[in-house]
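Residue-level structural notes
Here is how the chains run, residue by residue.
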Amino acid sequence: QVQLVESGGGLVQPGGSLRLSCTASGSITQIYTMDWYRQAPGEERDRVAEIIPDGTTTYADSVRGRFTISRDDAKNTVYLQMNNLKPEDTAAYYCNFGLGTPLAEFERHWGQGIQVTVSS
């Protein structure tokens, strides 16, 4: 069984920074894609950033230049460094891993979500 646990959320003032982490545990053979999504109340869940095994990254237009995604495969962990935060970044943030297990070549797993609130 695979579990993803997020940490690092909280309340921050506009212009501030936060660093989110998400670590996977369980029967994992390989982690392929590592993504961050976010969902504000009444909105759809949208992808914020993705990093693939070779280190290639993609970002949503709304966060490009402010957010940085990185990964540590030795720790099964993905990070999201968020700088110059804006009130519109307020949302629940979710990590999503595309990974292999002993029973499945590829499946996706979600973290439980962590709240980020940007407010003065």
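Below or above, wherever it landed, is the structure these notes cover. (Residues numbered from 1 in each chain as written. Predicted model: local features only at pLDDT ≥ 70, side-chain atom pairs only at ≥ 80, totals over all residues. Heavy atoms only, no water.)

Section: the nonpolar core
- Membership of the largest hydrophobic core comes to 29 residues, with the highest contact counts inside it found for W36, L80, M82, Y93 and F97.
- At the level of secondary structure, the elements contributing two or more residues to this core comprise β3 (18-25), β4 (30-39), β5 (46-51), β7 (67-72), β8 (77-82), β9 (91-101) and β11 (114-118).
- Among the elements that take part in this core, β9 stands out by supplying five residues, more than any other. (Core = buried A, V, L, I, M, F, W, Y, C linked by side-chain atoms within 4.5 Å. Buried < 20%, exposed > 50% of the residue type's maximum accessible area, 1.4 Å probe, protein only. Helix = DSSP H or I, 4+ residues; strand = E, 2+ residues; numbered from the N terminus.)

Thoughts on the side chain of S21
- Here S21 is to be found in strand β3.
- Classification of S21 by relative accessible area gives buried; the value is 15%.
- Setting aside residues up to four positions removed in sequence, S21 forms contacts with V5, E6, S7, W36, V78 and Y79. (Contact = heavy atoms within 4.5 Å.)

Regarding the pattern of salt bridges
- Tallying each qualifying case throughout the model produces six salt bridges.
- Across the salt bridge formed by R66 and D89, the nearest N and O atoms sit 2.8 Å from each other. Here R66, found in the loop between β6 (57-59) and β7, pairs with D89, found in the loop between β8 and β9; they are 23 residues apart in sequence, far enough to count as distant.
- Of the residues examined, D89 reaches a relative accessible area of 1% and is grouped as buried.
- Here the salt bridges do not stand alone but share partners, grouping D35, R47 and E50 into one network. (Salt bridge = Lys/Arg side-chain N within 4 Å of Asp/Glu carboxyl O.)

Here we look at the packing of aromatic side chains
- Within this structure, the stated rule accounts for three aromatic pairs.
- Each ring, one from Y32 and one from F106, has its centre 5.8 Å from the other, and the planes form 40°; the classification is tilted. Here F106 lies in strand β10 (residues 104-110) and Y32 lies in strand β4, a separation of 74 residues in the sequence.
- We classify Y32 as partly exposed; its relative accessible area is 27%. (Phe/Tyr/Trp six-rings, centres within 6.5 Å; stacked < 30°, edge-to-face > 60°.)

Considerations on the sheet that holds β7
- If you trace the four strands from one edge of the open sheet to the other, you get β1-β3-β8-β7, paired in antiparallel fashion. Looking at which strands have only one partner, the edges of the open sheet turn out to be β1 (3-7) and β7. Direction aside, the axes of adjacent strands within the sheet are offset by 15° on average.
- Across five bridges, β1 lies against β3 in antiparallel orientation. Counted as the bridge partner of S7 is S21 from β3. (Pairing = 2+ DSSP bridges. Axes fitted to C-alpha atoms, helices over the stretch in contact; angles between N-to-C directions.)

A look at the state of the cysteines
- Scanning the entire structure with this criterion turns up one disulfide.
- Here C22 connects covalently by a disulfide to C95, the sulfurs 2.0 Å from one another. Between C22 and C95 the disulfide shows an S-S torsion of about 50°. By sign, it is right-handed. Of this pair, C22 sits in strand β3 while C95 is found in strand β9, placing the two residues 73 residues apart along the sequence. In this structure, C22 and C95 share a single accessibility class: buried. (Disulfide = S-S within 2.5 Å.)

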